[in-house]
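Remarks on the overall topology
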Amino acid sequence: DGGITQSPKYLFRKEGQNVTLSCEQNLNHDAMYWYRQDPGQGLRLIYYSQIVNDFQKGDIAEGYSVSREKKESFPLTVTSAQKNPTAFYLCASSPRDRTYEQYFGPGTRLTVT
Amino acid sequence: AQSVSQHNHHVILSEAASLELGCNYSYGGTVNLFWYVQYPGQHLQLLLKYFSGDPLVKGIKGFEAEFIKSKFSFNLRKPSVQWSDTAEYFCAVGYGSSNTGKLIFGQGTTLQVKP
């Protein structure tokens, strides 16, 4: 089945540690996205990439970093500089000519204590 | 700043009742409008979309939405809800015609349908 996988489903880290969230897609989509979802705030865009080796900051990029070395993969690193990292993180992808029609993964719930 | 607002945070309905969820967005020129749905335990998925043309759009599972440009609104409707419609619903807006993929989401509305 084609789709987006995110691993792990739950992730726990101590404050001050960097952590990398995985996102893989086999939909052959060019564009990929990372969102953060907090209760009552909807989804907010962290980073997006429309093509391999290129990515742009979204609305809340501070404290996060990404890479896009392969079309299928778009890992997100939550650094120790992110002041409030505990959240639900969603990865998405879309065809390059229909970038608003995004397909979402199951998400990773990160808890930092 | 561009923003999307969903006024109903939590809606409880009985089966067969009619549904209307409000969505308003801030002015920003050309807009592309979407409703996404997240059923319990499932991925967020596209319910319906509007780019241009007929302002009344139909989506999956009997849902429809109407774009009213003068009101900056894109409300979601369903004449008769079912228990299986219990989910969280998100309105989203893509500003501009350049198709960057940047979506602005509303806060979400949790719909609970009682059997």
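The rules we used
Residues numbered from 1 in each chain as written. Chains lettered and ligands numbered in written order. Predicted model: local features only at pLDDT ≥ 70, side-chain atom pairs only at ≥ 80, totals over all residues. Heavy atoms only, no water. Salt bridge = Lys/Arg side-chain N within 4 Å of Asp/Glu carboxyl O. Helix = DSSP H or I, 4+ residues; strand = E, 2+ residues; numbered from the N terminus. Buried < 20%, exposed > 50% of the residue type's maximum accessible area, 1.4 Å probe, protein only. Phe/Tyr/Trp six-rings, centres within 6.5 Å; stacked < 30°, edge-to-face > 60°. Pairing = 2+ DSSP bridges. Axes fitted to C-alpha atoms, helices over the stretch in contact; angles between N-to-C directions. Disulfide = S-S within 2.5 Å. Contact = heavy atoms within 4.5 Å. Buried area = accessible area lost by both parts, 1.4 Å probe. Polar contact = N/O pair within 3.5 Å; in protein donor to acceptor, adjacent residues only side chain to side chain. Core = buried A, V, L, I, M, F, W, Y, C linked by side-chain atoms within 4.5 Å.

In this section: the pattern of salt bridges. The final tally for this structure, using the stated rule, is 10 salt bridges over all chains. A:Lys71 is the salt-bridge partner of A:Asp30, the closest N and O atoms lying 3.7 Å from each other. Residue A:Asp30 is found in the loop between β3 (19-25) and β4 (31-38), and its partner A:Lys71 is found in the loop between β7 (64-66) and β8 (76-78); the two are separated by 41 residues along the sequence. Note that B:Lys49 is salt-bridged to A:Glu101, the shortest N-O span being 2.9 Å. Separated into two different chains, B:Lys49 in strand β6 (residues 44-50) and A:Glu101 in the loop between β9 (87-94) and β10 (103-104) make up a pair that spans both. For B:Lys49, a relative accessible area of 35% translates into the label partly exposed. Look at the salt bridges and you will find they share partners, linking B:Lys58, B:Glu64, B:Glu66 and B:Arg77 into a network.

Let's shift gears to the packing of aromatic side chains. Under the criterion given, the structure shown has 17 aromatic pairs over all chains. On the basis of an interplanar angle of 40° and a centroid distance of 5.6 Å, the ring pair of A:Tyr35 and A:Phe104 is categorised as tilted. On the criterion of sequence distance, the pair formed by A:Tyr35 in strand β4 and A:Phe104 in strand β10 is long-range, its members being 69 residues apart. With respect to class, A:Tyr35 is no different from A:Phe104; both count as buried. Chaining the aromatic ring pairs together yields one cluster made of A:Tyr33, A:Tyr35, A:Tyr48, A:Tyr100, A:Phe104, B:Phe34, B:Tyr36, B:Phe51, B:Phe90 and B:Phe105.

This brings us to the sheet that holds β7(A). Residue and element names in this part refer to chain A. Taking strand neighbours across the sheet as the criterion, the 4 strands line up as β1-β3-β8-β7 in an open arrangement whose pairing is antiparallel. Strands with a single pairing partner mark the edges of an open sheet, and in this sheet they are β1 (4-7) and β7. Each neighbouring strand pair of the sheet contributes to a mean axis angle of 20°, computed without reference to strand direction. As paired strands, β7 and β8 are joined by 3 bridges and run antiparallel to one another. Opposite Ser-65, over in β8, you have Thr-77 as the bridge partner.

Here we come to the state of the cysteines. All told, the structure shown has 2 disulfides over all chains when counted by the stated rule. What pairs with A:Cys23 in a disulfide is A:Cys91, and their sulfur atoms sit 1.8 Å apart. Looking along the S-S bond of the A:Cys23-A:Cys91 disulfide, the torsion reads about -70°, which is the left-handed sense. Of this pair, A:Cys23 sits in strand β3 while A:Cys91 sits in strand β9; the two residues are 68 residues apart in sequence, bridging distant segments of the chain. Both residues of the pair, A:Cys23 and A:Cys91, count as buried. Disulfide pairing places B:Cys23 opposite B:Cys91 at an S-S distance of 1.9 Å. The sign of the S-S torsion, about -65°, decides the handedness of the disulfide formed by B:Cys23 and B:Cys91: left-handed. Taken together, the residues B:Cys23 in the loop between β3 (19-21) and β4 (24-25) and B:Cys91 in strand β10 (residues 87-95) connect sequence positions 68 residues apart. Judged by its relative accessible area of 0%, B:Cys23 is buried.

A common measure of how large an interface is: the accessible area buried when the components associate. Across the boundary between the two partners, chain A contributes 23 residues, which contact 23 residues of chain B. Between chain A and chain B, roughly 1800 Å² of surface is buried when both sides are summed, and carbon and sulfur atoms account for 52% of that area. Area buried by chain A at its contact with chain B is led by A:Tyr100, A:Glu101 and A:Phe104, which between them contribute 40% of it. Taken together, the links from chain A to chain B amount to 2 salt bridges. Counting every contact that joins chain A to chain B gives 8 residue pairs in polar contact (both at pLDDT 80 or more). Breaking the side of chain A that touches chain B down by element, the ones donating at least two residues are β4 and β5 (42-51) of chain A. Looking at the side of chain A that touches chain B element by element, the count peaks at 5 residues for β5(A).

Another aspect to go through is the nonpolar core. Counting 30 residues, the largest nonpolar core has B:Tyr25, B:Leu33, B:Trp35, B:Leu48, B:Phe74, B:Leu76 and B:Tyr89 as the members making the most contacts within it. Of all the elements in the fold, those that place two or more residues in this core are β2 (10-14), β3, β5 (31-38), β6, β8 (64-68), β9 (73-78), β10 and β12 (109-114) of chain B. A per-element tally of this core places β10(B) first, with 5 residues. Counting 20 residues, the second largest nonpolar core, distinct from the first, contains A:Val19, A:Ala61, A:Val66 and A:Val78.

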